[in-house]
Amino acid sequence: MTVDAGYAAWGTALLVLGAALLAGAYGVLTGYGWGRTIGVLSASVNALVNMGFVAAYPFWTFLAVSFDIIAIYALVVHGGAAKTLRT
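A word on the overall build of the protein
1) Next: The number of helices and strands found in the protein is 4 helices and 0 strands.
2) Next: Secondary structure elements in the protein, listed N-terminal to C-terminal, are α-α-α-α.
3) Next: If you line up the protein on its principal axes, its C-alpha atoms span 50 × 35 × 15 Å.
4) Next: Within the protein, the proportion of its 87 residues that are buried is 18%.
5) Next: By sequence separation, contacts in the protein at least 24 residues apart represent 49% of the contacts at least 6 residues apart.
6) Next: Only carbon and sulfur atoms are counted for the fraction: they give 77% of the accessible area of the protein, which is about 6,500 Å².

As structure tokens, this is what we get:
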């Protein structure tokens, strides 16, 4: 399946996605729950997308999914530790 979109549409989509990820990073660094949610969702989507490339790049897929799982674990288990920075 292909998506027919011009450079302007892809550029706009990537700018919006990048701004959302920057907001999520700010939320994680300051200890907000919504930032952790954005981080977990983006790492989960990245892991699922990388599974589509397992036939072409098995080592890279294993490595990327492993990093995603570590990031999800860190955000879920230790993500609230940054709340002390806000107080």
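Focus: the layout of surface pockets
Vacant regions in the atomic arrangement are exposed by a probe of water-molecule size rolled over the atoms.
1) Next: Considering only enclosed or pocket space, the largest pocket measures out at about 190 Å³ in volume.
2) Next: Around the largest pocket sit Trp 10, Leu 14, Leu 17, Ala 20, Leu 21, Ile 38, Ser 42 and Val 45, which together line it.
3) Next: The set of elements that each furnish at least two residues to the lining of the largest pocket consists of helix H1 (7–30) and helix H2 (33–51).
4) Next: With 5 residues, H1 is the largest single contributor of residues to the lining of the largest pocket.
5) Next: A per-class count over the lining of the largest pocket returns 7 nonpolar, 1 polar and no charged.

Describing a nonpolar patch on the surface
1) Next: On the surface, a cluster of nonpolar side chains totalling about 520 Å² of accessible area is made up of Val 3, Trp 10, Leu 14, Leu 17 and Leu 21.
2) Next: Following the sequence through the fold, Leu 17 ends up in helix H1.
3) Next: Note on Leu 17: relative accessible area 49%, which makes it partly exposed.

Let's talk about the environment of Ala 9
1) Next: Topologically, Ala 9 is positioned in helix H1.
2) Next: Taking the C-alpha atoms as reference points, Ala 9 and Val 28, separated by 19 residues in sequence, lie 29 Å from one another.

Quick word on H2
Turn by turn, an α-helix covers 3.6 residues, leaving residues three or four places apart pointing in a common direction.
1) Next: The end-to-end C-alpha separation of H2 is 27 Å, in line with the 27 Å expected for 19 residues at 1.5 Å each.
2) Next: Listing the buried residues of H2 in full gives Gly 35, Gly 39, Ala 43, Ala 47 and Asn 50. Angular distribution of buried residues about the axis of H2 spans 105°; they occupy a single face of the element. Exposed residues on H2 whose side chains face more than 90 degrees from its buried face are Leu 41 and Leu 48.
3) Next: On its buried side, H2 packs onto H1 and helix H3 (58–78).

Each value, and the rule that gives it
- Residues numbered from 1 in each chain as written.
- Predicted model: local features only at pLDDT ≥ 70, side-chain atom pairs only at ≥ 80, totals over all residues.
- Heavy atoms only, no water.
- Helix = DSSP H or I, 4+ residues; strand = E, 2+ residues; numbered from the N terminus.
- Buried < 20%, exposed > 50% of the residue type's maximum accessible area, 1.4 Å probe, protein only.
- Contact = heavy atoms within 4.5 Å.
- Areas by Shrake-Rupley, 256 points an atom, 1.4 Å probe, with all protein chains shown as cover.
- 1 Å grid on protein atoms, 1.4 Å probe; cavity = no way out; pocket = protein on both sides within 12 Å on 5 of 7 lines; lining within 4 Å.
- Points joined across faces, edges and corners; volume = space filled by probe spheres on them.
- Nonpolar A, V, L, I, M, F, W, Y, C, P; charged D, E, K, R; others polar.
- Patch = residues over 30% accessible without salt bridge, like charges linked within 9 Å, V, L, I, M, F, W, Y side chains within 5 Å.
- Salt bridge = Lys/Arg side-chain N within 4 Å of Asp/Glu carboxyl O.
- Expected span 1.5 Å × (residues − 1).
- Arc of directions from axis to C-beta.

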